[in-house]
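Below, each chain spelled out in residue letters.
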Amino acid sequence: MALPKYKTSRANTHSRRANWKAKAAQTVTCPNCGAPTLPHMACPSCGSFRGRVYREAIRSIHTK
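Residues numbered from 1 in each chain as written. Predicted model: local features only at pLDDT ≥ 70, side-chain atom pairs only at ≥ 80, totals over all residues. Heavy atoms only, no water.

The protein chain carries the name Large ribosomal subunit protein bL32 in an unreviewed UniProt entry, which gives Bifidobacterium ruminantium as its organism. Recorded in UniProt under Sequence similarities (unreviewed entry), the annotation for the protein chain is "Belongs to the bacterial ribosomal protein bL32 family." (UniProt positions renumbered as here; feature names shortened; annotations may be inferred.)

Here the focus is unusual backbone geometry. Trans is the common state for peptide bonds, and a negative phi is the common state for residues other than glycine. For H40, which is not glycine, the phi torsion reads 65° and is therefore positive. Locating H40 in the fold gives a position in the loop between β2 (36-37) and β3 (48-49). A relative accessible area of 72% places H40 in the exposed class. Even without being glycine, R50 reaches a positive phi, approximately 55°. Relative to the helices and strands, R50 is located in the loop between β3 and β4 (52-53). (Helix = DSSP H or I, 4+ residues; strand = E, 2+ residues; numbered from the N terminus. Buried < 20%, exposed > 50% of the residue type's maximum accessible area, 1.4 Å probe, protein only.)

Considering every residue of the protein chain, the mean pLDDT works out to 85; 84% of them sit at 70 or more. Of all secondary-structure elements in the protein chain, the lowest mean pLDDT belongs to helix α2 (residues 55-62), at 56, while helix α1 (residues 10-17) reaches the highest, 95. (pLDDT = per-residue confidence, 0-100.)

In structure tokens form, the structure reads like this:
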């Protein structure tokens, strides 16, 4: 494998890393309650997803 012959300068390193940005997560509104939710996930406030309510399943996991 090839190895770098010279040290990469700080300016080249910083300019390369300047394009490495994090994006905000895209959200959609829940059709049941209107709260913002992540796409393809159950709503954290009402627990519904694609017309079904998964609130009881979420509660049973976290309770003793």
